[in-house]
Amino acid sequence: MNFDKSVFGRFSVVITAGVLWFVLGMVLRVALTLFSYHTIVATPWELCKVFVVGGFFDLVVIGQALLPLILYVSLVPQRFFAGKCNKIILTCFIWISTVVMLLLGITEFYFWAEFQARFNFIAVDYLVYTQELMGMIREGYPLKALFSGMAICASILTFFIWKKSLCWTTSISFKKRLGILGIFLLFPILVFFAVSANWKNVSTNVLNNELAGNGSYEFLSAFRNNELEYDRYYKTISKEELDPELRGLLQESNSQYSSSDLGDLTKVITAAGPEKHPNIVVITVESLSSDYLGIFGNKEGLTPNLDKIAQDSLLFTRVYATGTRTVRGLEALTLSIPPTPGQSIVRRPDNADMFSLGSVLNSRDYKSWFIYGGYGYFDNMNDFYEKNNYQILDRTSIPKEKIMTETVWGVADEVVFGEAVENLDKAYANGEKTFQMIMTTSNHRPYIYPDGRIDIPSPGGRNGSVKYTDWAIGNFLAEAKKHPWFNNTVFVIVADHQASSAGNTEVPIKKYHIPLIVYAPQLIKPGRVDRLMSQIDVAPTLLGLLDFSYTSRFMGYDVMKLPENKERIFISTYQNIAYGKGDKLIVLEPKKQVSFYQINYETGEYIKQAPDSDLLKEAITWYQGASTLYKEGKYGAVH
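As the structure is a prediction and not an experimental result, all values here were calculated from the model.

What counts and how
- Residues numbered from 1 in each chain as written.
- Predicted model: local features only at pLDDT ≥ 70, side-chain atom pairs only at ≥ 80, totals over all residues.
- Heavy atoms only, no water.
- Pairing = 2+ DSSP bridges.
- Helix = DSSP H or I, 4+ residues; strand = E, 2+ residues; numbered from the N terminus.
- Axes fitted to C-alpha atoms, helices over the stretch in contact; angles between N-to-C directions.
- Phe/Tyr/Trp six-rings, centres within 6.5 Å; stacked < 30°, edge-to-face > 60°.
- Buried < 20%, exposed > 50% of the residue type's maximum accessible area, 1.4 Å probe, protein only.
- Lys NZ or Arg CZ within 6 Å of the ring centre and 35° of its normal.
- Parallel < 35°, antiparallel > 145°, perpendicular 65-115°, else oblique.
- Left-handed = near helix turned anticlockwise from the far one by under 90°.
- Contact = heavy atoms within 4.5 Å.
- Nonpolar A, V, L, I, M, F, W, Y, C, P; charged D, E, K, R; others polar.

Draft legend 1. Representation of the sheet that holds strand 1 (residues 255–257). Strands sit in the order 1-2-14 across an open sheet of three strands; the sheet is antiparallel. Unpaired on one side and paired on the other, strand 1 and strand 14 (550–552) mark the two borders of the sheet. Across the sheet, the mean angle from the axis of one strand to that of its neighbour is 30°, orientation sign disregarded. With three bridges connecting them, strand 1 and strand 2 (residues 267–269) associate as antiparallel partners. Pairing of S255 across the sheet is with I269, part of strand 2.

Structure below.
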């Protein structure tokens, strides 16, 4: 094709790069579609919408990404443009940009395989912690083969483009070039004001909507909207309605408000019996979905220890996580507060000296610990727990000689449990009561753990990691039984979140089901509790089992004393927040949108329902109330 003396000659590199990027984007969309073919709506019309809208978003991103190149091509003088140096520059640009596009495509494919989503706020969070991200990539992926393949493909494509598509001789005037440049500079302005990320929502199937998006666009959108103000983006009620409504919802049969002020939600909890003050160990297991456990129907034998422990424990069978990230789980278990839109409170400012499980126990002369096998600066965990009067034991505290296996996320779980045993021994020797919040790490990509512990060699994928973590917990409790403090210790085993939040609905509720096991054979009678329960209910329920009488600001319930039909759950997917009660679920979305569903907890099926104004008011009250309490500093520790 002859571009000489035409507009397109000078801009041939721009057109070529745009077409190449568009084709690679479509190839990625096809690959993701085939990968998830059985979980998407794959009718011809639905696929047409996915690819047409997806192509539009690809063009939006390409148009903005090409602006620096358009600026360069428009302004560089003709003599330089036709010279050898410029040819080298633009050829290198084609090669490098092709490598980048291939890298993004491969990265997105792996991200999709893990999260069933285009790049989103999870990718933003990982980018902040570059060391962990790069370490996970080095440990979990065949980098040499991938990079070699990308370099070869990029070289072949660049050679073909250089031979067939690039043109170096053009006589377009500087004035015309400026005109074209001006048109292109209008593009990002129009996109910013006219295009919405919600345009990708072309289906009732969430995965279809994800396929219709563009990873880079979604990533930047998540980066811009990392914090969401509830009052600005979600349905609200007036302050006059909020205070009495929230006060009514938080009232429990064994509590009295300490003030007649409607805005003061401080309660006095009164237990029937004398308080028990055993050691408390909360084991928060990374990504432990309930469907991995035999007690919930799994037939693969991945959790023989937990299944056995559950028989001698108080087992809660209908517990639901509040979110999809570790910091969401820690927030719920520590603060007993519903998830507010955007980031977890663990990662927000103004999160010091809050009312927490630790603050209640510290008031009873416990020493509270946060114990983590990784580096606690990740996700702001150390900072949060230090500012809330927990002692910290993380990867930096563990001597090298104790570590037999570690990944970028942390040491093997058995090492962390070994540190916990030593801590309990010291507390016992000093006559101290101790509360340990342990966060495991082994059930995380790249799924590496010590060999010889289980019958699945390392790295053994998700199943191997689950089975190893189960072994480590069983080994920990077996060791604990040898120590004098065992009979006076309560062990709580719970997940931080589920292994995957992906699904073909807005809030795939079945994916949020997690186990909760309270193991203390000498202190708490074994049994089974089948009541619906939120992760935010764990702390007040635990204190209730120990007959604590205390001043509370928790928003969670003690489910053992809760009247029938008052159970409810909270679920967040960063921007969407959901409220479930009975067989009904309300999803609150940005732009003050609301969806109503009837749900089946066993199958995860949703049926669209007519609006329910009373339930909507409840949902708004909980979420707006949680946001208001945090914002106004009314969730502080009671001194």
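Draft legend 2. Quick peek at the packing of aromatic side chains. On inspection of all chains with the given rule, the structure shows 28 aromatic pairs. For the ring pair F370 and Y385, a centre distance of 4.3 Å and an interplane angle of 10° mean the geometry is stacked. Of this pair, F370 sits in strand 5 (residues 366–372) while Y385 is found in helix 18 (residues 381–387), placing the two residues 15 residues apart along the sequence. The class for F370 is buried, based on a relative accessible area of 0%. The exposure class assigned to Y385 is buried, which follows from its relative accessible area of 0%. An aromatic cluster of at least three residues, connected via ring pairs, comprises F370, Y372, F384, Y385, Y390 and F435. Here the guanidinium or amino end of R247 rests over the ring plane of Y257, the centre of that ring lying 4.0 Å away. It is R318 that lies over the ring of Y601; its NZ or CZ is 5.1 Å from the centre.

Draft legend 3. Up close: the packing of helix 4 (residues 67–75) against helix 10 (residues 174–194). In the contact formed by helix 4 and helix 10, the axes pass within 9 Å of each other and the chain directions differ by 165°. Accordingly, the angle class assigned to the pair helix 4 and helix 10 is roughly antiparallel. Read as a crossing pair, helix 4 and helix 10 show a hand that is left-handed. Contacts between helix 4 and helix 10 involve L67, I70, L71, V73, S74 and L75 from the first element and F174, R177, L178, L181, F184, L185 and P188 from the second.

Draft legend 4. Summary view of the packing of helix 2 (residues 12–35) against helix 3 (residues 44–65). At a minimum axis separation of 10 Å, helix 2 and helix 3 run at an interaxial angle of 145°. The two elements helix 2 and helix 3 meet at a crossing, and its hand is right-handed. Along its contact with helix 2, which presents G18, W21, F22, G25, M26, R29, V30 and T33, the element helix 3 presents L47, V50, F51, G54, G55, D58, L59, I62 and A65. When grouped by side-chain class, the residues that make up the contact of helix 2 with helix 3 number ten nonpolar, five polar and two charged.

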